Amino acid sequence: MNKDKQQADLDIALRQCREGIDAVDKQLIELLAKRAELTTEVGKIKSQSGMPIYVPEREKQLIAARRAQAEELGVSPQLAEDLLRRMMRESYVTQNHKFVKADKSINNIVVVGGKGALGRVFVGLFERSGYTVSIVEKDDWDTADTLFTNADLVLVSVPINLTETIIGRLTNLPVNCVLADVTSVKDKPLSAMMEAHAGPVVGLHPMFGPDSPGMIKQVVVVCNGRMQEQYQWLVDQMTVWGATLYESSAQEHDKAMSFIQVMRHFSSFVYGTHLAAENPDLQILRDFSSPIYRLELAMVGRLFAQAPQLYADIIYNNPENVALLKRFHTRFGEALEFVENGDKASFIKAFLKVGHWFGGYAKKCLIDSKQLLLKANDDRA
């Protein structure tokens, strides 16, 4: 009986604790609702004043203050930061509904390919900033000249394989109209724009996909073309939208993309091709995997959920990509020889050499990836 009573007392204590947790969780949700009201109001104020949605200094100060408070109260500072960053991400979404114009003298925007996935993102951003936005698609060219006549900006957002052809048709734009593109390669499109249009020209590469809710904390690479002062309003507008901007030459950009995009996409393509050919049970792979492998598998699977033409265009666009991928193939073969020959010493030597090249960044990656892995583990169904 004593044992039964002890268990009954433990059950009561556990139930009371759970009821207390439920009550606190309810209060947390109520506080989140109040916070959302305040951040929505902040968004309205920023939209009226022209302040950027994302202010890095403010975010850093807020996180530092809450981490210090958490430490004083015996709460994990990392937990406090994780929660705060998640709340901030949500608050940026609530502030993403209306923006101020960076330059009130600018009004007419034409987005060529505005019904495409990425084009729609820009159309929405411009419309929420008070611009008059027109869209030109492949069946609209008979009436497009009328739209171009009064355009302050013509933004080209079409597939890579069509970009230069479309730009070649834009030879009668107003002299002060800004011509820009958002293609993921920059050298050839920027040259084509410089040849087609005598006015201001700029190449842009938004480093995010069409599933992004906007530009807040997203990277956009800016490749300057001609008459920068006349398209500065567009750069300022992206800052208002919350983007992080990096300037680059078109050649430097394309070289970097060979590593950032081409090698990554091609490696994922080959990895997925190999998996499909070997035909393992995908569910077993997911069930048995560690968080890091689940993330890797998710990134490979993500590739094959999207349009093959896009990735084919990225990989095939530059003939120099072939030489880069051949060098990658050679190094893969060299590493395979270590395994075939049972040469662990050479493998370890090569491993340490690469680790030296990464330097302190490798340790930073180890720390940064920990949060991703914890999140992946939390999401395990």
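Report on the accompanying structure.

The rules behind each value
Residues numbered from 1 in each chain as written. Predicted model: local features only at pLDDT ≥ 70, side-chain atom pairs only at ≥ 80, totals over all residues. Heavy atoms only, no water. Helix = DSSP H or I, 4+ residues; strand = E, 2+ residues; numbered from the N terminus. Buried < 20%, exposed > 50% of the residue type's maximum accessible area, 1.4 Å probe, protein only. Contact = heavy atoms within 4.5 Å. Areas by Shrake-Rupley, 256 points an atom, 1.4 Å probe, with all protein chains shown as cover. Lys, Arg positive; Asp, Glu negative; His and termini not counted. Charge placed at Lys NZ, Arg CZ, Asp CG, Glu CD. 1 Å grid on protein atoms, 1.4 Å probe; cavity = no way out; pocket = protein on both sides within 12 Å on 5 of 7 lines; lining within 4 Å. Points joined across faces, edges and corners; volume = space filled by probe spheres on them. Nonpolar A, V, L, I, M, F, W, Y, C, P; charged D, E, K, R; others polar. Core = buried A, V, L, I, M, F, W, Y, C linked by side-chain atoms within 4.5 Å. Salt bridge = Lys/Arg side-chain N within 4 Å of Asp/Glu carboxyl O. Pairing = 2+ DSSP bridges. Axes fitted to C-alpha atoms, helices over the stretch in contact; angles between N-to-C directions.

## Overview of the overall build of the protein chain
Right, so step 1: Scanning the protein chain from terminus to terminus reveals 15 helices and 7 strands.
Right, so step 2: With the C-alpha coordinates of the protein chain rotated into their principal frame, the extents come out at 95 × 65 × 40 Å.
Right, so step 3: Residue burial in the protein chain is summarised as follows: out of 381 residues, 34% are buried.
Right, so step 4: If you take every contact in the protein chain between residues at least 6 apart in sequence, the share linking residues at least 24 apart comes to 67%.
Right, so step 5: On the protein chain, roughly 24000 Å² of surface is accessible, and the fraction owed to carbon and sulfur atoms is 59%.
Right, so step 6: Side-chain charges in the protein chain split into 44 positive and 47 negative, and the spacing between the mean points of these groups amounts to 4 Å.

## Looking at the layout of surface pockets
Right, so step 1: Its boundaries defined by the atoms lining it, the second largest pocket holds a volume of some 790 Å³.
Right, so step 2: As for the second largest pocket, its lining consists of 28 residues, and the residues nearest its centre are His 265, Phe 266, Ser 267, Phe 269 and Val 270.
Right, so step 3: Counting only elements with at least two residues in the lining of the second largest pocket, the list comes to helix 9 (250–278), helix 12 (308–316) and helix 13 (320–340).
Right, so step 4: A per-element tally of the lining of the second largest pocket places helix 9 first, with 10 residues.
Right, so step 5: Broken down by class, the residue content of the lining of the second largest pocket amounts to 19 nonpolar, 7 polar and 2 charged.

## Things to note about the nonpolar core
Right, so step 1: In this structure, Ile 109, Phe 126, Leu 153, Leu 204, Met 215 and Trp 233 are the most contacted members of the largest nonpolar core, which totals 40 residues.
Right, so step 2: It is helix 4 (residues 117–128) that contributes the most residues to this core, 6 residues altogether.
Right, so step 3: Among all residues touching Leu 204, those that are not within four sequence positions of it are Leu 155, Ala 180, Asp 181, Val 182, Thr 183, Lys 186, Val 220, Val 221, Val 222, Leu 234 and Met 238.
Right, so step 4: If you look at the next biggest cluster of nonpolar residues, it comprises 24 residues, including Val 112, Phe 148, Cys 177 and Ala 196.

## Regarding unusual backbone geometry
Right, so step 1: You will see that Lys 217, though not glycine, has its phi angle at about 65°, which is positive.
Right, so step 2: Looking at the secondary structure, you find Lys 217 in the loop between strand 5 (201–206) and strand 6 (219–226).
Right, so step 3: Even without a glycine there, the phi angle at Met 227 is positive, about 60°.
Right, so step 4: If you trace the backbone, Met 227 turns up in the loop between strand 6 and helix 8 (232–240).
Right, so step 5: Classification of Met 227 by relative accessible area gives partly exposed; the value is 30%.

## Focus: the pattern of salt bridges
Right, so step 1: Under the definition given, this model contains 6 salt bridges.
Right, so step 2: The salt bridge partner of Lys 5 is Asp 9, with a shortest N-O separation of 3.2 Å. On the criterion of helical spacing, the pair formed by Lys 5 and Asp 9 is a turn pair, its members being 4 residues apart in helix 1 (residues 2–49).
Right, so step 3: The class of Lys 5 is exposed, set by a relative accessible area of 51%.
Right, so step 4: Across the salt bridge formed by Arg 85 and Glu 59, the nearest N and O atoms sit 3.3 Å from each other. In this pair, Arg 85 is assigned in helix 3 (residues 77–94) and Glu 59 in helix 2 (residues 56–72), connecting sequence segments 26 residues apart.
Right, so step 5: Arg 85 sits in the partly exposed class, given a relative accessible area of 36%.
Right, so step 6: Because the salt bridges share partners, they merge into one network encompassing Glu 59, Arg 67, Glu 81, Arg 85 and Lys 217.

## Brief notes about empty space enclosed by the protein
Right, so step 1: Throughout the structure, instances matching the rule amount to 1 cavity of 30 Å³ or more.
Right, so step 2: The space that makes up the largest cavity amounts to roughly 80 Å³.
Right, so step 3: Lining the largest cavity, in full, are Ser 184, Val 185, Asp 254, Met 257, Ser 258, Gln 261, Val 262, Ile 314, Asn 317, Asn 318 and Asn 321.
Right, so step 4: The greatest single-element share of the lining of the largest cavity, amounting to 5 residues, is contributed by helix 9.
Right, so step 5: Tallied by class, residues from the lining of the largest cavity come to 4 nonpolar, 6 polar and 1 charged.

## Describing the sheet that holds strand 4 (residues 178–181)
Strand pairing in a sheet takes place through backbone hydrogen bonds and is either antiparallel or parallel in direction.
Right, so step 1: Overall, mixed pairing links the 7 strands, which are arranged 2-1-3-4-5-6-7 in an open sheet. Of all the strands in the sheet, the pair left with one neighbour each is strand 2 (132–136) and strand 7 (244–247). Ignoring which end each strand starts from, the neighbouring axes of this sheet average 25° apart.
Right, so step 2: Both strand 1 (residues 108–112) and strand 2 contribute to a ladder of 5 bridges, which runs parallel. Along strand 2, the bridge assignment pairs Asn 108 with Thr 132.
Right, so step 3: The strands touched by helix 7 (residues 187–196) are strand 4, strand 5 and strand 6; relative to strand 5, the strand with the most contacts, the crossing angle is about 155°.

Note that every value here comes from positions in space, so none of it alone points to a role or purpose.
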